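Examining the three-dimensional arrangement
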Amino acid sequence: LDAVEVGHADFRVEAAGPVLVTVSRGRAEVQELVLRGPNTELTLSGSRAATGELDLSAAGTVDLRLLAGLVPDLRRPHGLLTLEAHVSGTAPEPVLLGAGRLDDAGFQLKATNVLFSDLRGDLAFSQNRVLFENLSAAVNGGRAVLGGEVELASFVPVRHRVDLRLDEVPVAVPIWLPATLSGRVEAAGTPDATV
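If you're wondering where the values come from, they're calculated on a predicted model, not measured in any experiment.

Along the protein chain, the regular secondary structure elements total zero helices and 13 strands. Counting from the amino terminus, the protein chain carries its helices and strands in the arrangement β-β-β-β-β-β-β-β-β-β-β-β-β. Over its C-alpha atoms, taken along the principal directions, the protein chain stretches across nearly 65 × 30 × 25 Å. For the protein chain, buried positions account for 34% of its 195 residues. Partitioning the contacts of the protein chain with sequence separation of at least 6, the portion at a separation of at least 24 is 35%.

Here we come to a nonpolar patch on the surface. A cluster of nonpolar side chains, Leu1, Val21 and Val23, forms an exposed patch at the surface whose accessible area comes to about 290 Å². Mapped onto the elements of the fold, Leu1 is located in the segment before β1 (5-8).

Glancing now at the pattern of salt bridges. Counted under the stated rule, the structure contains 13 salt bridges. The shortest N-O distance in the salt bridge between Arg36 and Glu41 comes to 3.2 Å. Residue classification places Glu41 among the partly exposed residues on the basis of a relative accessible area of 40%. Asp118 serves as the salt-bridge partner of Arg143, at 3.9 Å between the closest nitrogen and oxygen. Taken as a pair, Arg143 in strand β11 (residues 142-153) and Asp118 in strand β9 (residues 115-126) lie far apart in primary sequence, 25 residues in all. When its relative accessible area of 38% is taken as the criterion, Arg143 is described as partly exposed.

As a further point, take the pairing of strand β3 (residues 21-24). Relative to strand β4 (residues 27-37), β3 runs antiparallel, the two sharing four bridges. Directly across from Ser24, in β4, lies its bridge partner Arg27. The loop that links β3 with its antiparallel partner β4 comprises two residues; one of these, Arg25, has a positive phi angle of about 50 degrees.

What follows deals with the environment of Gly79. Tracing the backbone shows Gly79 in strand β7 (residues 74-89). As for Gly79 and Thr194, which are separated by 115 residues in sequence, their C-alpha atoms are 25 Å apart.

One non-glycine residue, Asn39, lies in the positive phi region at around 55 degrees. Secondary-structure assignment places Asn39 in the loop between β4 and β5 (40-48).

With that settled, the discussion passes to the packing of aromatic side chains. Under the definition given, this model contains one aromatic pair. Judged by centre distance (5.0 Å) and plane angle (20 degrees), the rings of Phe107 and Phe116 are stacked. Grouping residues by exposure puts Phe107 and Phe116 together as buried.

What counts as what
- Residues numbered from 1 in each chain as written.
- Predicted model: local features only at pLDDT ≥ 70, side-chain atom pairs only at ≥ 80, totals over all residues.
- Heavy atoms only, no water.
- Helix = DSSP H or I, 4+ residues; strand = E, 2+ residues; numbered from the N terminus.
- Buried < 20%, exposed > 50% of the residue type's maximum accessible area, 1.4 Å probe, protein only.
- Contact = heavy atoms within 4.5 Å.
- Patch = residues over 30% accessible without salt bridge, like charges linked within 9 Å, V, L, I, M, F, W, Y side chains within 5 Å.
- Areas by Shrake-Rupley, 256 points an atom, 1.4 Å probe, with all protein chains shown as cover.
- Salt bridge = Lys/Arg side-chain N within 4 Å of Asp/Glu carboxyl O.
- Pairing = 2+ DSSP bridges.
- Phe/Tyr/Trp six-rings, centres within 6.5 Å; stacked < 30°, edge-to-face > 60°.

In structure tokens:
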């Protein structure tokens, strides 16, 4: 392929050069694909066997604006994710393993006025779960520390459990009752139904 481009809305990354894909007897293999763009340099390689088994690797830094198309429950994602990951399993049921680090990340939860910013810390990818502990963040301008896990299905969040320790975080839920919260909050469930 002379050119490969991936993007969402006005954010784009493209292959650093031509991409060689080898296909033989149902097996497809990419030796090395380097995607470059704003704040992004990600190296991908691997194969899909004739049986459907995946053996893919990814390493590098990704601008989180690319998540906007993958995770519709997040508005305005930003920041950087540095990762080293491996994907096995099959395309309908991929298995993600590896590690990552968030720097200056943030997002707003869909249908809320809760804004996360300055999100920093380490992530672990284990059996389709993203695990995190002691992520520091600003929530609506107040300080917070987050821990928990997000379960993925085909790389899309389907369940979560998040523990937040808040320090003077302003909220207005409902809108007519503004408050400043300090303490511990736990959220668990699905993107559509969280307790």
